[in-house]
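Summary of the model geometry
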Amino acid sequence: GGIITQTPKFLIGQEGQKLTLKCQQNFNHDTMYWYRQDSGKGLRLIYYSITENDLQKGDLSEGYDASREKKSSFSLTVTSAQKNEMAVFLCASRSVGGLDAEQFFGPGTRLTVL
Amino acid sequence: GDQVEQSPSALSLHEGTGSALRCNFTTTMRAVQWFRKNSRGSLINLFYLASGTKENGRLKSAFDSKERYSTLHIRDAQLEDSGTYFCAGRTGGYKVVFGSGTRLLVSP
């Protein structure tokens, strides 16, 4: 088995601040994802990465940067936090190859912008 | 773009009863995954299906790629089943598209 850890668990920021969220996985999975979840909505894809140093934009990439420094880690940066923003950011990973490749999720980082 | 329509958006069940959640896909999906969000906000994997059906305890899921839908059946609902359930469809590439969730409340 493996685990996905996200840090921090809670993040409080100020309007305009640059904020970085980190994700680590020890599944040795190739593909990693960052999703945003707003209250009452499904998850929306921000960025994903197929392998180390690869970055692919999702549907919600504007306002974010990402970095896949190594296979096990994937960082997400909120380039300028929006006032009163509240959301949960979820990191996920998935092995590549074959049809049978489910996603596994981290516990999430809850962002509040004051 | 790819879309997933999940229904119902909210569901109330009495203990011991059952119901079904459904996701309709606007495009052909390679696989579907069902999750439950627990009280801490983490997503728990329930099922991953590329086709057919899978069963685990009181939960059963089916996926028909050709007809573009998936279902999650809950039987003999218990209080601890309350939570938000999500389906997610995997497209031919690396992307996964999520439904908007079903908030399930099981009451005594």
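The structure presented is a predicted model; accordingly, all values stated were derived computationally and were not measured. (Residues numbered from 1 in each chain as written. Chains lettered and ligands numbered in written order. Predicted model: local features only at pLDDT ≥ 70, side-chain atom pairs only at ≥ 80, totals over all residues. Heavy atoms only, no water.)

Describing the confidence of the model for chain B
Rule in force here: As a per-residue measure, pLDDT reflects the predictor's confidence and takes values from 0 up to 100. A helix here means a DSSP run of H or I that spans at least four residues, while a strand means a run of E at least two residues long, and both kinds are numbered starting from the N terminus.
Per-residue pLDDT for chain B has a mean of 91; in total, 97% of the residues score no lower than 70. For chain B, per-element mean pLDDT is lowest for strand β10 (residues 96-98) of chain B, which scores 86, and highest for strand β8 (residues 69-74) of chain B, which scores 98.

Some words on the nonpolar core
Here is the rule we go by: Side-chain atoms within 4.5 Å are what join buried Ala, Val, Leu, Ile, Met, Phe, Trp, Tyr and Cys residues into a set we call a nonpolar core. Burial here depends on accessible area, computed with a 1.4 Å probe over protein chains only, as a share of the maximum for the residue type. Under 20% is buried, over 50% is exposed, and the range in between is partly exposed. We call two residues in contact when some of their heavy atoms are within 4.5 Å.
Counting 22 residues, the largest nonpolar core has W34 and L72 of chain B as its most contacted members. Sorting the residues of this core by element identifies β2 (10-14), β3 (19-25), β4 (31-37), β5 (43-49), β7 (59-64), β8, β9 (83-90) and β11 (102-107) of chain B as the ones contributing at least two each. Those residues in contact with L72 of chain B, other than ones at most four positions away along the chain, are S19, A20, L21, W34, L46, F47, L59, K60, S61 and Y85 of chain B. Counting 20 residues, the second largest nonpolar core, distinct from the first, contains L21, Y64, A66 and F74 of chain A.

Digging into the side chain of S75 of chain A
Residues and elements named next belong to chain A. Using the following cut-off: The definition of a polar contact used here is a pair of N or O atoms within 3.5 Å, where within protein one atom must be able to donate a hydrogen and the other to accept one, and adjacent residues in sequence count solely through side-chain atom pairs.
Mapped onto the fold, S75 is located in strand β8 (residues 73-78). Among the residues examined, S75 registers a relative accessible area of 7% and is labelled buried. Looking at S75, its side chain comes within polar contact range of the side chain of E69, at 2.7 Å. Setting aside chain neighbours within four positions, we find S75 in contact with T20, L21, K22, W34, D65, A66, S67 and E69.

Concerning the packing of aromatic side chains
Counted only if it meets this: Each Phe, Tyr or Trp ring (for Trp, its six-membered ring) is paired with any other whose centre lies within 6.5 Å, and the angle between the two planes then decides the class: stacked below 30 degrees, edge-to-face above 60, tilted in between. When the NZ atom of lysine or the CZ atom of arginine is within 6 Å of a ring's centre and also within 35 degrees of its normal, the charge is said to sit over that ring.
Counted under the stated rule, the structure contains ten aromatic pairs over all chains. With a centroid separation of 5.7 Å and 35° between ring planes, the pair formed by Y35 of chain A and F105 of chain A is classed as tilted. Of the two residues, Y35 of chain A sits in strand β4 (residues 31-37) while F105 of chain A sits in strand β10 (residues 104-105), which places them 70 residues apart along the sequence. For the residue pair Y35 of chain A and F105 of chain A, the accessibility class agrees, reading buried in each case. In this structure, R22 of chain B is placed above the aromatic ring of Y69 of chain B, and the distance from its NZ or CZ to the ring centre is 4.1 Å.

Re the state of the cysteines
Residue and element names in this part refer to chain A. To be explicit about the condition: The disulfide criterion used throughout: a pair of cysteine sulfur atoms within 2.5 Å.
Within the structure shown, the criterion is met by two disulfides over all chains. A disulfide bridge connects C23 with C91, and the sulfur atoms are separated by 1.9 Å. Measuring handedness by torsion sign, the sulfur bridge of C23 and C91 sits at about -75° and is left-handed. With C23 in strand β3 (residues 19-25) and C91 in strand β9 (residues 86-94), this pair connects stretches of sequence that are 68 residues apart. The pair formed by C23 and C91 is uniform in burial state, with each residue classed as buried.

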